[in-house]
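# Descriptive analysis of the structure
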Amino acid sequence: MSDIRIQKTGEPDILQTSDGRLTLSVPIQIKRRSGRKLVTLPNGETAPVRPWDVAPTSIQLALASGHRWLAMLESGEAKSLKEIATRENIDNSYVSRMVNLTTLAPDIVAAILDDALPNHITLFDLAVDPPALWDEQRERVRL
């Protein structure tokens, strides 16, 4: 059976044993980013994350909910935000804030989907009273 040990320092190395087996030594560092663990390689690069290994962040889920609820209003499936809140068994104000996310600038939405927002930006910062002008939204995100 293989023996896995995580080293944080050192140089990559390959050792061959007398019975022909190889031992690969790769020093790595594991960092947390948005609740995910990322592997940092010895050269400082972050290993690419495979799309199927990534769970959506809370901001991504909120954005999706906001768009779903707006579509329900536009299609006539729901008559009001209050009706949606009742159906979903959540607070009116929460539904309203998540629908606000549908007015964000396209580059901010792309940053949310790519999980590339600055770490200090929270869902509250984006959803509560977003400016109507996209340039003002961008200024708020760069604070």
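Residues numbered from 1 in each chain as written. Predicted model: local features only at pLDDT ≥ 70, side-chain atom pairs only at ≥ 80, totals over all residues. Heavy atoms only, no water.

In the nomenclature of an unreviewed UniProt entry, the chain corresponds to LacI family regulatory protein from the organism Methylocaldum marinum.

### Some details on the environment of L126
Along the chain, L126 falls in helix α5 (residues 123–127). For the pair L126 and T103, spaced 23 residues apart in sequence, the C-alpha to C-alpha distance is 10.0 Å. Not counting residues within four places of it along the chain, the set of residues in contact with L126 comprises I59, L101, L104, I108, I112, L117, I121 and V141. (Helix = DSSP H or I, 4+ residues; strand = E, 2+ residues; numbered from the N terminus. Contact = heavy atoms within 4.5 Å.)

### Quick notes on the pattern of salt bridges
Under the defined criterion, the tally for this structure stands at six salt bridges. Taking the shortest distance from any N to any O, the salt bridge between R87 and E77 comes out at 3.7 Å. Here E77 lies in the loop between α1 (58–75) and α2 (81–88) and R87 lies in helix α2, a separation of ten residues in the sequence. Residue classification places R87 among the partly exposed positions, given a relative accessible area of 44%. The partner of E83 in a salt bridge is R87, with the nearest N and O atoms 2.7 Å apart. Here the residue E83 and the residue R87 both occupy positions in helix α2, the gap between them amounting to four residues, near one helical turn. (Salt bridge = Lys/Arg side-chain N within 4 Å of Asp/Glu carboxyl O. Buried < 20%, exposed > 50% of the residue type's maximum accessible area, 1.4 Å probe, protein only.)

### As for helix α3 (residues 92–100)
Among all positions of α3, only V95, M98 and V99 are buried. Looking down the long axis of α3, one finds its buried residues gathered within 100° of arc, a one-sided arrangement. Against the buried residues of α3 lie α1, α2 and α5. (Arc of directions from axis to C-beta.)

### As for the packing of aromatic side chains
Counted by the stated rule, this structure contains one aromatic pair. For the ring pair W69 and Y94, a centre distance of 6.2 Å and an interplane angle of 75° mean the geometry is edge-to-face. With W69 in helix α1 and Y94 in helix α3, the pair connects residues that are 25 residues apart, well separated along the chain. Looking at W69, the relative accessible area reads 2%, which means it is buried. Accessibility expressed as a relative area gives 30% for Y94, which makes it partly exposed. (Phe/Tyr/Trp six-rings, centres within 6.5 Å; stacked < 30°, edge-to-face > 60°.)

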